[in-house]
Amino acid sequence: MMRIVADENIPLIDEFFGDHGEVIRLPGRSMTRDQLLDADVLLVRSVTRVDATLLAGTRVKFVGTATIGVDHVDVDWLHEQGIGFASAPGSNAESVVDYVLSGLLLMSEQDGEALTGRTVGIVGAGNVGSRLQARLEALDIPCLICDPPRADAEEREDFVDLDTLIERTDVLCLHTPLVRDGAHPTHHLLDERRIAALRSGQILISAGRGECVDTGALCRRLEAHRDLRVILDVWEGEPTIDEALYRLVDIATPHVAGYSVDGKMAGTDMIHQAMSRHFGLPVRKRLGQLKPESWLRRITLTGWAPPLEALMLCARACYDIRRDAMLLERYRRHYGMAEGFDRMRREYPLRREFSTLRVSLKHNAGELRDIIVSAGFSLRLAGKQG
Ligand SMILES: NC(=O)C1=CN([C@@H]2O[C@H](COP(=O)(O)OP(=O)(O)OC[C@H]3O[C@@H](n4cnc5c(N)ncnc54)[C@H](O)[C@@H]3O)[C@@H](O)[C@H]2O)C=CC1
Ligand SMILES: O=C(O)C(=O)[C@H](O)COP(=O)(O)O
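- Going by an unreviewed UniProt entry, the chain carries the name Erythronate-4-phosphate dehydrogenase and comes from Kushneria sinocarnis.
- Quoted straight from UniProt, the Sequence similarities (unreviewed entry) entry for the chain says "Belongs to the D-isomer specific 2-hydroxyacid dehydrogenase family. PdxB subfamily."
- Regarding the chain, the UniProt comment filed under Function (unreviewed entry) reads as follows: "Catalyzes the oxidation of erythronate-4-phosphate to 3-hydroxy-2-oxo-4-phosphonooxybutanoate."

So, in C-alpha cells, the structure goes:
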C-alpha cells in the first residue's frame, strides 16, 4: 500500500486515491519535509513550494499538482531526481473564463458601455487566453492577442506586442504563467512603465499570477489617479496581500477565478490518471462516474427577453464575481486579510461552470439564442419556435 500525502483542499481525494493506499491530508501552506519522509506520493495545490528543501531524502516518487500553474514546483529538480510529475493543464480554464466574463458584464453594466464596444487585449493565449478569445469573439467582442512565445513558435503575425496591446485595447486581461527567466519572463510583466502607460478608463483584469504585476507601481498609479478599473484575483505575496492595493481596486478576490467544482474535480482526475500511468496501475475511477453537487441546473426563459439582460441574468445566477468580492471583505473583517484569504478559499461555496447551466428558451429568437450559447451556457429549446 502506498502512502499518499495530499493538500486538504483537493476535492475527491479519497474517491480517487483511496484504493491506492493510505491517504493523509495536510494543510498545503505548512507542509514540511518531516511529514513527507515516508510518503510515496505527494499531491499539492499552488500553495506548497515543491523543491529539494521539501523532498530531498524523502521516499516520494511521484508529485501531482491539481493546478494549471507550475511555478511553485521545481520541475527540473524533480526530473533530475527521477521523481514523476504531473500538473492539470486546462483543468479550470473554463472557470477562469467565466470569472472574466462576469467581470466584463459587471463593468459594462456599471458604465453603461456596450459589451461589444470595448476591445479586449489578452496577454497569454494558452488554455485560458485562447478559450477567453473564443468566447469573446463569439459574443462579437473584438480581441487583440499578445503571446510572444507562441508568436515566435508559430510565426503569428496577427499577434501584437504588449505595448501595442496596451495602446490599442480598452480591457487588458492577464493570463500568463509566472516565468522568472528565459526569453519571455513574466515577473512584473506589467511594470512601472507599462502601468504608467495604461490609459484613463482602461480596465485591467489579472487572473494569472500576482507576481506578473508590480504591486507598488499599480498602487502608486491608483493613488495618483483613480482612473483605471481594476479586477484582481491574484496578488503578490498571497495570502499576505497589500491592503493598500486591496482598497484601491474595484473588485478583489482571493485567487478563486478557477475555483468551480468542475475545474477542481477535473484537476484531481488529471493527476489521478497521471499517477496511475506513472506506477502502471489501472485507472479505476473516472470523472464521469462522480457527479458534482448542483443546486441550479436550469433557467427557463418563458418568453422573449432582451438578449443582454438574459445573458446578465444567467451569468449572475451561475457565477457572480461580486459575491466573491463581498465574501472576501467579510472574511477579511472577521479574520484579518491573510487568514481570511486562505479560509475563504478553503470554505469556498459551491460554484459550477457556465456550461453546466441549461438555459431553456421557449422563444427561439436568433439573437437571444446566440448570446446564450456564445457565452458558454448549454441551450435547450422548448415549446414554440419563433
Ligand atoms: N486565478 C486562477 O485561479 C488561475 C490562474 N491560473 C494561471 O494562469 C496561467 C495561464 O493558464 P493557462 O492559459 O492554462 O496556461 P497555458 O500554459 O496553457 O498558457 C500560457 C500562455 O502564456 C503564454 N506566455 C508565456 N510567457 C508569456 C509572455 N511573456 N507574454 C505573453 N504570453 C506569454 C504562453 O506562450 C502560453 O500560450 C497559469 O500558468 C496559472 O498561473 C490558472 C488557472 C487558475
Ligand atoms: O490552477 C491554477 O494554476 C491555479 O491558480 C489554481 O486554480 C489556484 O488554486 P490553488 O491551487 O491555489 O488552490
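### Examining the overall build of the chain
Next, step 1: Helix and strand content of the chain: 15 helices and 14 strands.
Next, step 2: Relative to the compact-globule value of 21 Å for 386 residues, the chain shows a C-alpha radius of gyration of 22 Å, a close match.
Next, step 3: The principal-axis extents of the C-alpha atoms in the chain amount to approximately 60 × 55 × 50 Å.
Next, step 4: Restricting the contact set of the chain to residue pairs at least 6 apart, pairs at least 24 apart contribute 60%.

### What to know about the sheet that holds strand β13 (residues 358-361)
Next, step 1: Pairing is parallel in the open sheet, where 3 strands are placed in the order β12-β13-β14. Both outer strands of the open sheet, β12 (298-301) and β14 (378-381), are each paired with one neighbouring strand and no more. Direction aside, the axes of adjacent strands within the sheet are offset by 25° on average.
Next, step 2: With 4 bridges connecting them, β12 and β13 associate as parallel partners. Counted as the bridge partner of R298 is R358 from β13.

### Some points on the pairing of strand β7 (residues 143-146)
Next, step 1: Of the strand pairs in this sheet, strand β6 (residues 120-123) and β7 are connected by 4 bridges, and their pairing is parallel. Opposite I122, over in β7, you have I145 as the bridge partner.
Next, step 2: Between β6 and its parallel partner β7, the chain crosses via helix α5 (residues 127-138), and the hand of that crossover is right-handed.

### Some words on the site of ligand 1
Next, step 1: What surrounds ligand 1 is a group of 34 residues, the closest being G69, G124, G126, P177 and G258.
Next, step 2: Secondary-structure elements contributing two or more residues to the shell around ligand 1 are α4 (93-111), α5 and α6 (148-154).
Next, step 3: Classifying every residue of the shell around ligand 1 gives 16 nonpolar, 14 polar and 4 charged.

### Here's the deal with the domain arrangement of the chain
Next, step 1: Each domain of the chain was delimited in the assignment, giving domain 1 (2-87 + 260-290), domain 2 (93-252) and domain 3 (298-381).
Next, step 2: The gap between the C-alpha centroids of domain 1 and domain 2 is 30 Å.
Next, step 3: Contact residues are listed per partner, giving 6 residues for domain 1 and 7 residues for domain 2.
Next, step 4: Residue composition of the side of domain 1 that touches domain 2, by class: 1 nonpolar, 3 polar and 2 charged.

### Things to note about helix α12 (residues 307-318)
Next, step 1: The end-to-end C-alpha distance of α12, which contains 12 residues, comes to 17 Å, matching closely the 16 Å that a straight helix rising 1.5 Å per residue would cover.
Next, step 2: On its buried face, α12 is in contact with α4, β12, β13 and α15 (366-374).

### Some details on the confidence of the model for the chain
Next, step 1: Residues of the chain with pLDDT of at least 70 account for 99%, and the chain-wide mean is 96.
Next, step 2: Scored by ipTM, the complex comes to 0.99, with pTM at 0.97.

### Here's the deal with the UniProt feature "domain: D-isomer specific 2-hydroxyacid dehydrogenase NAD-binding" (unreviewed entry) in the chain
Next, step 1: Within the UniProt annotation, "domain: D-isomer specific 2-hydroxyacid dehydrogenase NAD-binding" (unreviewed entry) is assigned to residues 109-257.
Next, step 2: Secondary structure content for residues 109-257 is 34% helix and 15% strand, while the C-alpha to C-alpha distance between its ends is 20 Å.

### So, the nonpolar core
Next, step 1: Core analysis: the largest hydrophobic core is formed by 106 residues, its most contacted members being V100 and C173.
Next, step 2: No other element matches α4, which puts 9 residues into this core.
Next, step 3: If sequence neighbours within four positions are ignored, C173 has contacts with V100, V120, G121, I122, V123, L132 and I205.

### Observations regarding the packing of α4 against α5
Next, step 1: At a minimum axis distance of 9 Å, the contact between α4 and α5 shows a crossing angle of 50°. Taken as axis vectors, α4 and α5 run oblique relative to one another. Pair α4 / α5 crosses with right-handed handedness. Between α4 and α5, the residues in contact are A93, E94, V96, V97, V100 and L101 and N127, V128, R131, L132 and R135, respectively.

### Focus on the environment of L106
Next, step 1: Considering the arrangement of structural elements, one finds L106 in helix α4.
Next, step 2: For the pair L106 and L357, spaced 251 residues apart in the sequence, the C-alpha separation amounts to 19 Å.
Next, step 3: Setting aside residues up to four positions removed in sequence, L106 forms contacts with I321 and R322.

### Regarding unusual backbone geometry
Next, step 1: Going from E238 to P239, the amide bond is cis rather than trans, its omega being 5°.
Next, step 2: Counting through the fold element by element, P239 comes out in the loop between β10 (229-232) and α10 (243-248).
Next, step 3: Positive phi is not limited to glycine here, since L12 has a value of about 60°.
Next, step 4: In this fold, L12 is placed in the loop between β1 (2-7) and α1 (13-17).
Next, step 5: On the neighbour-count criterion, L12 (20 C-beta atoms within 10 Å) is buried.
Next, step 6: The residue H255 is not glycine, and still its phi comes out positive at about 60°.
Next, step 7: Among the secondary structure elements, H255 is positioned in the loop between β11 (251-252) and α11 (261-279).

Reading the values: the criteria
- Residues numbered from 1 in each chain as written.
- Chains lettered and ligands numbered in written order.
- Predicted model: local features only at pLDDT ≥ 70, side-chain atom pairs only at ≥ 80, totals over all residues.
- UniProt positions renumbered as here; feature names shortened; annotations may be inferred.
- Helix = DSSP H or I, 4+ residues; strand = E, 2+ residues; numbered from the N terminus.
- Rg over C-alpha atoms; globule rule 2.2 N^0.38 Å.
- Contact = placed C-beta atoms within 7 Å.
- Pairing = 2+ DSSP bridges.
- Axes fitted to C-alpha atoms, helices over the stretch in contact; angles between N-to-C directions.
- Right-handed = clockwise from strand over helix to strand, strands pointing away.
- Near = placed C-beta within 6 Å.
- Nonpolar A, V, L, I, M, F, W, Y, C, P; charged D, E, K, R; others polar.
- Domains from an automatic or database assignment.
- Expected span 1.5 Å × (residues − 1).
- pLDDT = per-residue confidence, 0-100.
- Core = buried A, V, L, I, M, F, W, Y, C linked by C-beta atoms within 7 Å.
- Buried ≥ 20, exposed ≤ 12 C-beta atoms within 10 Å, placed from the backbone.
- Parallel < 35°, antiparallel > 145°, perpendicular 65-115°, else oblique.
- Left-handed = near helix turned anticlockwise from the far one by under 90°.

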